[in-house]
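Summary of the model geometry
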Amino acid sequence: MAEPSLAQQSFLEKRKRKLRAITFARLLIFLLFLLLWEISARTHLIDAFIFSSPSRVFHMFVSMVSDRSVFLHIGSTLVETLVSFLLVFVLSLLAAVLLWLSHSLSKILEPYLVVLNSLPKSALAPLLIVWLGANMKTIIVAGMSVAIFGSILTIYTGFSEVDPEKIKLIYTLGGTKRNVLWKVVLPSSIPIFINTMKVNIGLCLVGVVIGEFIGSRRGLGYLIIYGSQVFQLDMVLMSIVILCIMAMILYQGINLAEKYCLKRF
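Residues numbered from 1 in each chain as written. Predicted model: local features only at pLDDT ≥ 70, side-chain atom pairs only at ≥ 80, totals over all residues. Heavy atoms only, no water.

Thoughts on empty space enclosed by the protein
Worth spelling out the cut-off: The rule is simple: put a 1 Å grid over the protein atoms alone, call a set of points where a 1.4 Å probe fits but cannot get out a cavity, call an open set with protein on both sides within 12 Å along at least five of seven lines a pocket, and count a residue as lining if it has an atom within 4 Å of a point. Grid points are joined across faces, edges and corners, and a volume is the space filled by probe spheres set on the points. Secondary structure counts use DSSP, requiring at least four H or I residues in a row for a helix and at least two E residues in a row for a strand, with both numbered from the N terminus. As a working rule, the residues Ala, Val, Leu, Ile, Met, Phe, Trp, Tyr, Cys and Pro are called nonpolar, Asp, Glu, Lys and Arg charged, and the rest polar, with Gly in that last group.
The tally for this structure, following the rule as stated, stands at one cavity of 30 Å³ or more. Considered as a void within the structure, the largest cavity measures approximately 30 Å³ in volume. Forming the walls of the largest cavity are Leu99, Ser106, Glu110, Leu113, Leu153 and Tyr156. At the level of elements, helix 5 (103-118) and helix 7 (136-160) are the ones that each hand at least two residues to the lining of the largest cavity. When its residues are assigned to classes, the lining of the largest cavity shows four nonpolar, one polar and one charged.

Points about the packing of aromatic side chains
For the record, the criterion: Classification of ring pairs uses Phe, Tyr and Trp, with its six-membered ring standing for Trp, and accepts pairs whose centres are within 6.5 Å; under 30 degrees between planes counts as stacked, over 60 as edge-to-face, and the remaining range as tilted. Partly exposed residues are those whose accessible area sits between 20% and 50% of the maximum for their type, while under 20% is buried and over 50% is exposed, using a 1.4 Å probe and protein chains only.
Within this structure, the stated rule accounts for four aromatic pairs. Their ring planes at 80° and their centres at 6.2 Å tell us that Phe159 and Phe193 sit as a pair that is edge-to-face. Placement of the pair is Phe159 in helix 7 and Phe193 in helix 10 (residues 190-215), with a sequence separation of 34 residues. Of the two residues, Phe159 and Phe193, both sit in the buried class. Ring geometry for Tyr222 versus Tyr226: centroids 5.9 Å apart, planes at 25°, classification stacked. Here Tyr226 and Tyr222 lie together in helix 11 (residues 220-229), a separation of four residues that amounts to about one turn. A residue is classified by how much of its surface remains accessible, and Tyr222, at 14% relative accessible area, is buried.

Here is the structure:
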C-alpha cells in the first residue's frame, strides 16, 4: 500500500488535533461544571441538602459500594434494559417483515401503530402493574412499550424505501418475494437497524426506569423514588449520574456494533 502524501498526512494530523481539542473542551466543560457545583454548595450559594454536591454524591456512592447494595440496583436496571431492548428489536423486526409481506395488513394496522406510538407510555405503567403484578416481567414490558411501536414503524418504513430497481432485478431473474427479502431488503436495511437500535437503547432504559418508579423494590428507578421520599437527595442524584453513565456505555456499545457491521457487510 502506498504511503500517504504530505498533504494527506497534514490533513490527518489536523483532524487528529481537532478531535483532541473537541475532547479536551468537553472534559473541561464537565470539570468546570463539577467545580462550580461543589464551590456553590460549600459557599452556601445553593442549599447542599436540596441540590447536593459532587463530594456528597461520591460519598453516597462509596457507602453503597461498601455494602454492595448499589450493584444489586445497577444490575437489576441493566438486565431489565438489555432484555427489553433485545425483545423490542426481535419483535419489531418480525412485525415489520410481516407488514412488508402483506400490504393489506400494513394498511390496516398502520393507524393503530401510530396511535399506540403517540400514547404517553407512563400512562400504561399503572395498568401494567395491575395486570402483571409488581415483578421484573412488568418492568421489562414497560421498557418495551416505550420503544416497540416506533421501532416497528421505522423498520417498516425502511423496508418500503429499498431501491425498487434492485427488487425488480430479483423478480426479473425469477426470484420470489422471499428472495427479495433475504437478498435485498434485509441487507439494505442494516443502517436502519443500527439507527433504530441507537434510539431504542435509550428508550428502553427510560421505560424500565418508569416501570421501576411504580412497581419495583430494586433498580435505579426505585432508588430515585425512595431517595426523594426520604429526602436523601444525594441518593437521587447518584442514581441519575449512574443512569447517565449507563446510557452512555450502552450507546457506545451500539456504536461498536455498527463499526463491526460496516466492516463485515
